[in-house]
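# An overview of the molecular structure
Here is what each chain is made of, one letter per residue.
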Amino acid sequence: MVHQRKIQIRVPSTSANIGPGFDLSNSNKDITLTYSGEGSSHVPLSIHQNLITKTALYVLASNNIDGFPSPMTIHVNNEIPFGRGLGSSGAAVVAGVMLGNITGDLGLNKDRLLDYCLMIERHPDNVAAALMGGFVASYLRELDPKDFEAPVIPHSETLERETPADKTMDVDGRELTPTVPNGIGHYIKLNWAREIKAITIVPQFEVATATARHVLPLTYDRQDVVFNLQRLAVLTTALSQSPPDADLIFHAMQDKIHQPYRRHLIPGLPEILSSVKPTSHPGLLGICLSGAGPTILALAINNFDKISDTITKS
Ligand SMILES: Nc1ncnc2c1ncn2[C@@H]1O[C@H](COP(=O)(O)OP(=O)(O)OP(=O)(O)O)[C@@H](O)[C@H]1O
Ligand SMILES: N[C@@H](CCO)C(=O)O
């Protein structure tokens, strides 16, 4: 008798940075993968190439499990557009880690799932928020250089480099089991004033995170770093207070670390950021790039349609 089990995993989109808070950072034939929704016409359907399934296979391999239980049908209904700054790759990684955890009956807790996510997507902002939910601040513990060489880490858009082939086998040609360090990502859930809503204006073009990273300088002026750190310290608490202080939040959401360098990737961005203000648009609290862009994120307490219409028409 075939034992059938149906599981559903839901992962939200996420918005990273909020202005100044920038961080970097089996060939089993009985497995069927199908897609509907965003990206379904061009996402790879090979389980070794697809980001969700290769992540799940990585989690299984790290626990000495060779592939998915079969037969298995995986259907992904994706509502997060690719490459828009809404954390699609982070959500795919979280979904893959959860899929590996469930199909391998591994019983990993959320903190441990975060370690697996961070072996693939090496910046914590999207994966921590997608996994934990809500308004989440996070940082990545500095890794030992040997952790970067951990074998068979699947490649995601944000992973700096592929694992060299000679690191995936031992001297006798046997596949090495990937190791996943403990406690790589630290996070804290922050309070968020209930009346603050997020408006996202999603352009009809993609900007891959890797592209948006390449335009950033390797070093920054001290005054620009201080500018961001001062604002970030104020912003996290300002967003928790009721009623929200629009003037405080608007200025605390200014950034000098990533948005100025990314402006040429998003036509109209400088004009939007400098013209849409709480004084011209009552109800608005702040405006910034969502993640690496090109989506624009506006925070507001009312007049949502008016604010989004202005940004859309800019
Ligand atoms: N549901 C999914 N299934 C498979 N692959 C996905 C899925 N979602 C995203 N991806 C992969 O991730 C890529 C997009 O990642 P990228 O980091 O460039 O953008 P993003 O995550 O949407 O933006 P940001 O990190 O700035 O919020 C897609 O091109 C695709 O290869
Ligand atoms: N903090 C990252 C988010 C990308 O998802 C960046 O801006 O590149």
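A quick note: this is a predicted structure, and the numbers were derived from the prediction, not measured. (Residues numbered from 1 in each chain as written. Chains lettered and ligands numbered in written order. Predicted model: local features only at pLDDT ≥ 70, side-chain atom pairs only at ≥ 80, totals over all residues. Heavy atoms only, no water.)

Counted by the stated rule, this structure contains 2 salt bridges. In this structure, the salt-bridge partner of Arg 5 is Asp 105, at a minimum N-O distance of 3.9 Å. Both residues of the pair, Arg 5 and Asp 105, belong to the exposed class. Residue Arg 112 is joined to Asp 115 by a salt bridge in which the shortest nitrogen-to-oxygen separation is 2.8 Å. Separated by 3 residues within a single helix, Arg 112 and Asp 115 lie in helix H3 (residues 110-120), roughly one turn from each other. As far as the burial class goes, Arg 112 and Asp 115 line up, both buried. (Salt bridge = Lys/Arg side-chain N within 4 Å of Asp/Glu carboxyl O. Buried < 20%, exposed > 50% of the residue type's maximum accessible area, 1.4 Å probe, protein only. Helix = DSSP H or I, 4+ residues; strand = E, 2+ residues; numbered from the N terminus.)

As annotated in UniProt, the feature "domain: GHMP kinase N-terminal" (unreviewed entry) corresponds to residues 50-134 in the numbering used here. Each end of residues 50-134 is marked by a C-alpha atom, and these two atoms are 27 Å apart; helix forms 56% of the span and strand 8%. (UniProt positions renumbered as here; feature names shortened; annotations may be inferred.)

What the domain assignment lists for the protein is domain 1 (31-186) and domain 2 (192-313). The partner domain 2 presents 19 residues to the 11 residues of domain 1 that form the contact. Together, the buried faces of domain 1 and domain 2 total about 1100 Å²; carbon and sulfur atoms form 58% of this surface. One can count 0 salt bridges joining domain 1 with domain 2. Linking domain 1 with domain 2 are 6 residue pairs in polar contact (both at pLDDT 80 or more). Of the residues belonging to the side of domain 1 that touches domain 2, the class tally is 4 nonpolar, 5 polar and 2 charged. (Domains from an automatic or database assignment. Contact = heavy atoms within 4.5 Å. Buried area = accessible area lost by both parts, 1.4 Å probe. Polar contact = N/O pair within 3.5 Å; in protein donor to acceptor, adjacent residues only side chain to side chain. Nonpolar A, V, L, I, M, F, W, Y, C, P; charged D, E, K, R; others polar.)

All right, on to the site of ligand 1 then. Close contacts around ligand 1 come from 20 residues, with Tyr 35, Gly 87, Ser 88, Ser 89 and Thr 209 the closest. Gly 83 is positioned such that a nitrogen or oxygen atom in its backbone is 3.0 Å from an oxygen atom of ligand 1. At a separation of 3.3 Å, an oxygen atom of ligand 1 approaches a polar backbone atom of Leu 86. Alone, ligand 1 offers 640 Å² of accessible surface; in the complex the protein occludes 90% of this. Those elements that provide at least two residues to the shell around ligand 1 are helix H1 (51-62) and helix H2 (88-103). Split into classes, the residues belonging to the shell around ligand 1 amount to 9 nonpolar, 9 polar and 2 charged. Lining the shell around ligand 1 are residues from two domains, each supplying at least three of them: domain 1 (31-186) and domain 2 (192-313). (Near = heavy atom within 4 Å. Areas by Shrake-Rupley, 256 points an atom, 1.4 Å probe, with all protein chains shown as cover.)

The subject of this paragraph is H1. Taking 1.5 Å per residue, 12 residues should reach 16 Å; H1 reaches 16 Å between its end C-alpha atoms and fits that length. All buried positions along H1 are accounted for by Leu 51, Ile 52, Thr 53, Lys 54, Thr 55, Ala 56, Leu 57, Tyr 58, Val 59, Leu 60 and Ser 62. Taken together, the buried residues of H1 touch strand E1 (31-37), strand E2 (72-78), H2 and H3. Between a side-chain oxygen at the N-terminus of H1 and the backbone nitrogen of Ile 52 the separation is 2.9 Å; the capping residue is Asn 50. (Expected span 1.5 Å × (residues − 1).)

Moving on, we come to the pairing of E2. Within a regular beta strand, the side chains point alternately toward one face of the sheet and then the other, so they alternate between its two faces. By the alternation rule, side chains of E2 split into Met 72, Ile 74, Val 76 and Asn 78, which are all buried, and Thr 73, His 75 and Asn 77, of which none is buried. As judged from the 7 bridges shared by E1 and E2, these two strands associate in the parallel manner. Residue Thr 34 lies in a different strand from E2, and its bridge partner there is His 75. Read as a crossover between parallel neighbours, the route from E1 over H1 to E2 is left-handed. (Pairing = 2+ DSSP bridges. Right-handed = clockwise from strand over helix to strand, strands pointing away.)

What follows deals with the environment of Val 136. Relative to the helices and strands, Val 136 is located in strand E3 (residues 135-140). What makes Val 136 buried here is its relative accessible area of 13%. Non-local contacts of Val 136, meaning those with residues more than four positions away in its chain, are made with Ala 128, Ala 129, Tyr 187, Ile 188 and Lys 189.

Strands pair in a sheet through their backbones, by hydrogen bonds, and they do so in one of two ways: parallel or antiparallel. With antiparallel pairing, 3 strands are arranged side by side in an open sheet as E5-E7-E6. Across the chains shown, the open sheet's two edge strands, defined by having one partner strand only, are strand E5 (197-201) and strand E6 (284-289). Each strand axis lies, on average, 20 degrees off the axis of its neighbour in the sheet, ignoring direction. As judged from the 5 bridges shared by E6 and strand E7 (residues 296-300), these two strands associate in the antiparallel manner. Bridging from a neighbouring strand, Cys 288 pairs with Leu 297 of E7. Along the sheet face, helix H11 (residues 304-313) touches E5, E6 and E7 and points at about 25 degrees away from the line of E5. (Axes fitted to C-alpha atoms, helices over the stretch in contact; angles between N-to-C directions.)

Relative to the elements of secondary structure, His 258 occurs in the loop between helix H8 (246-252) and helix H9 (259-262). In this structure the side chain of His 258 is engaged in a polar contact, spanning 2.9 Å, whose partner is the side chain of Arg 262. Residues within four places of His 258 in sequence aside, it is in contact with Asn 17, Gly 19, Phe 22, Leu 216, Leu 289 and Gly 291.

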